[in-house]
Amino acid sequence: MRKLESLFRKNRAWAKKEKEKKPELFTELSKQQTPNYLWIGCSDSRILANRIVDLPAGEIFVHRNIANVVVHTDLNSLSVIQYAVEVLKVKHIIVCGHYGCGGIEAAMEDKDHGLIDNWLRHIKDVRRFHAGKLAEISDYTEKLNQLCELNVIEQVRNVCNTTIVQNAWKQGYQLDVHGWVYDMRDGILTDLDSCISSNEQLQERNKKHEEGYDRRQYQAKN
Ligand code: CO
């Protein structure tokens, strides 16, 4: 049987270093977690929520999957959202996509990728909803970037439409759902200006959705 010795060595060294920096760290963390944020991001190995926003352990509750998708029948993401909102009482849910996402690229292609195509189907639906706008963009990378942003905005809406967030708002609980995108080329996050904090805002956003989101308009404004 083979063991990944190098990783265990690194783990011991890391734990020692952390304890030297803050002797009470592990004792405190083992008692409870009180994160203010739920992060829903891509599984991509280059994107680490805590590191990107420079927050220590215990501050962000994290859910990751391929291309940061929130599906209404996915018990995994729904359970994470429920626990984050109802038990941990987070105040912010962040859906964070990223440019250069392999899931987005695969959803844009019409190739066979096997099982994963069933998951990418949800992004292909986003592509279909906005087919007109996407067709107007000739540059392929720009097209992918637009789909990446559209996917984030769609997933923000999916989070808002869960029974969990709906019930939280009905009970007057303050909860903001944000849409962000991360650029791996410079490590910079951008807020897609798609934060939703109430049912009224969600209705307004739905109206805007019918009119269509335009990445170029958004860029011109910012
Ligand atoms: Co990705």
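Residues numbered from 1 in each chain as written. Predicted model: local features only at pLDDT ≥ 70, side-chain atom pairs only at ≥ 80, totals over all residues. Heavy atoms only, no water.

Visitor: Summarise the overall build of the chain; cite the residues concerned and give the values.
Guide: When its secondary structure is counted, the chain shows 11 helices and 5 strands. Taking 17 Å as the expected radius of gyration for a compact globule of 222 residues, we find that the chain reaches 19 Å, a close match to that expectation. Judged by the C-alpha coordinates and their principal axes, the chain covers about 55 × 45 × 35 Å. In the chain, which comprises 222 residues, the share counted as buried stands at 43%. Considering only residue pairs separated by 6 or more positions, the chain has 64% of its internal contacts joining residues 24 or more positions apart. Of the roughly 13100 Å² of accessible surface on the chain, a fraction of 51% belongs to carbon and sulfur atoms. Distance between charge centroids for the chain: 6 Å, based on 32 positive and 31 negative side chains. (Helix = DSSP H or I, 4+ residues; strand = E, 2+ residues; numbered from the N terminus. Rg over C-alpha atoms; globule rule 2.2 N^0.38 Å. Buried < 20%, exposed > 50% of the residue type's maximum accessible area, 1.4 Å probe, protein only. Contact = heavy atoms within 4.5 Å. Areas by Shrake-Rupley, 256 points an atom, 1.4 Å probe, with all protein chains shown as cover. Lys, Arg positive; Asp, Glu negative; His and termini not counted. Charge placed at Lys NZ, Arg CZ, Asp CG, Glu CD.)

Visitor: Before we move on, can you summarise helix α8 (residues 140-160) with the specific residues and values?
Guide: Spanning 21 residues, α8 covers 30 Å between terminal C-alpha atoms, matching the ideal 30 Å at 1.5 Å per step. Residue Asp139 occupies the N-cap position of α8, its side-chain oxygen lying 3.3 Å from the main-chain nitrogen of Thr141. (Expected span 1.5 Å × (residues − 1). Polar contact = N/O pair within 3.5 Å; in protein donor to acceptor, adjacent residues only side chain to side chain.)

Visitor: Give a description of the packing of helix α4 (residues 75-87) against helix α9 (residues 163-170) that names residues and reports values.
Guide: Interhelical geometry of α4 versus α9 gives an angle of 20° and a closest axis separation of 9 Å. In terms of orientation, α4 lies roughly parallel with respect to α9. Here Leu78, Ile81, Gln82, Val85 and Glu86 of α4 come into contact with α9, specifically with Ile164, Val165 and Ala168. Residue composition of the contact of α4 with α9, grouped by class: 6 nonpolar, 1 polar and 1 charged. (Axes fitted to C-alpha atoms, helices over the stretch in contact; angles between N-to-C directions. Parallel < 35°, antiparallel > 145°, perpendicular 65-115°, else oblique. Nonpolar A, V, L, I, M, F, W, Y, C, P; charged D, E, K, R; others polar.)

Visitor: Break down the side chain of Asn68 for me, citing the residues and quoting the values.
Guide: Along the polypeptide, Asn68 turns up in the loop between β2 (60-65) and α4. If we skip the residues at most four places from it in the chain, Asn68 touches Ile40, Gly41, Cys42, Val95, Cys96, Gly97, His98, Asn151, Val152 and Gln155.

Visitor: So, the sheet that holds β2: which residues are in play, and what are the values?
Guide: The mixed open sheet is built from 5 strands, whose spatial order is β2-β1-β3-β4-β5. The open sheet has two edge strands with one neighbour each: β2 and β5 (188-191). Strand-to-strand twist across the sheet, computed as the mean angle between neighbouring axes with direction ignored, equals 25°. Along the sheet face, α4 touches β1 (37-42), β2 and β3 (92-98) and points at about 170° away from the line of β2. (Pairing = 2+ DSSP bridges.)

Visitor: Give me the lowdown on the nonpolar core, citing residues and values where you can.
Guide: Counting residues in each nonpolar core, the largest one holds 47 residues, and the members touching the most others are Leu38, Ile81, Ile93, Val159 and Leu175. If you list the elements that add at least two residues to this core, you get β1, α4, β3, α5 (102-108), α6 (116-129), α8, α9 and β4 (176-183). Among the elements that make up this core, the one with the highest residue count is α8 (9 residues). When sequence neighbours within four positions are dropped, the list of residues in contact with Leu175 reads Val85, Val90, Lys91, His92, Ile93, Val165, Ala168, Trp169, Ile196 and Ser197. (Core = buried A, V, L, I, M, F, W, Y, C linked by side-chain atoms within 4.5 Å.)

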